[in-house]
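Here are the chains, one letter per residue:
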Amino acid sequence: MEFNAKTMFIAGHARLPQGMAAKSVYETLTITAEVDVKYGVILKASATLATEHGSDFIGRLLRGTSLKDGIEEQIEAIQTYYKGKATNALIAAMKDLHLHFKQITEGEK
């Protein structure tokens, strides 16, 4: 199997709030992203929400944004377009993912 060293796979985690359907399956919410190493652009992302539709929606919301520019754009998009109970957990997971990205990229310098 050939590996593309131009991308990395990272994840961010957060606790799910009580009363969420996904809480019966997962204790935490996870956002995973395949990120372009050079530019920090999210190529593909998903979240451990209760439905595939929700996960796909978050992926489309985050795709094309750069982690090198900070995460204000991603947080604003989640707050504006995602209207479910997991908003705060998604934001916390996005912050955790961004922290991991910075630790990885700053560690390579």
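Residues numbered from 1 in each chain as written. Predicted model: local features only at pLDDT ≥ 70, side-chain atom pairs only at ≥ 80, totals over all residues. Heavy atoms only, no water.

What follows is about the packing of helix H2 (residues 72-81) against helix H3 (residues 87-107). One can describe the packing of H2 onto H3 by two numbers: an axis separation of 10 Å at closest approach and a directional angle of 165°. As summarised for this structure, H2 and H3 are arranged roughly antiparallel, according to the angle between their axes. For the crossing formed where H2 meets H3, the hand is right-handed. Counting all contacts with H2, which are made through Gln-74, Ile-75, Ile-78 and Gln-79, the residues of H3 involved are Thr-87, Leu-90, Ile-91, Met-94 and Lys-95. Partitioned by chemical class, the residues of the contact of H2 with H3 number five nonpolar, three polar and one charged. (Axes fitted to C-alpha atoms, helices over the stretch in contact; angles between N-to-C directions. Helix = DSSP H or I, 4+ residues; strand = E, 2+ residues; numbered from the N terminus. Parallel < 35°, antiparallel > 145°, perpendicular 65-115°, else oblique. Left-handed = near helix turned anticlockwise from the far one by under 90°. Contact = heavy atoms within 4.5 Å. Nonpolar A, V, L, I, M, F, W, Y, C, P; charged D, E, K, R; others polar.)

Here we take up the pairing of strand E2 (residues 28-36). Burial analysis of E2 places seven of its nine residues in the buried class, the great majority of the element. In this structure, strand E1 (residues 7-15) lies alongside E2, joined through nine bridges in antiparallel fashion. Among the inter-strand pairings, His-13 is bridged to a residue of E2, identified as Thr-30. The hairpin formed by E2 and strand E3 (residues 42-47) contains five residues between the paired strands, and Gly-40 there has a positive phi angle of roughly 75°. (Buried < 20%, exposed > 50% of the residue type's maximum accessible area, 1.4 Å probe, protein only. Pairing = 2+ DSSP bridges.)

What follows concerns the environment of Asn-88. Structurally, the position occupied by Asn-88 is in helix H3. For the pair Asn-88 and Leu-16, spaced 72 residues apart in sequence, the C-alpha to C-alpha distance is 8.7 Å.

Right, let's talk about the environment of Lys-44 for a bit. Tracing the backbone through its elements, the reader meets Lys-44 in strand E3. Given a relative accessible area of 58%, Lys-44 falls into the exposed group. Apart from residues lying up to four places away in sequence, Lys-44 is in contact with Thr-32, Ala-33 and Glu-34.

Read from one edge of the open sheet, three strands run E1-E2-E3, paired in antiparallel fashion. This sheet does not close on itself; its edge strands, each paired only once, are E1 and E3. Neighbour to neighbour, the strand axes of the sheet diverge by 15° on average, direction disregarded. Here E2 runs beside E3; their pairing, made up of five bridges, is antiparallel. Looking at the pairing, Thr-32 lines up with Ser-46 of E3.

Keep in mind that these numbers describe shape and distance, not what the molecule does.
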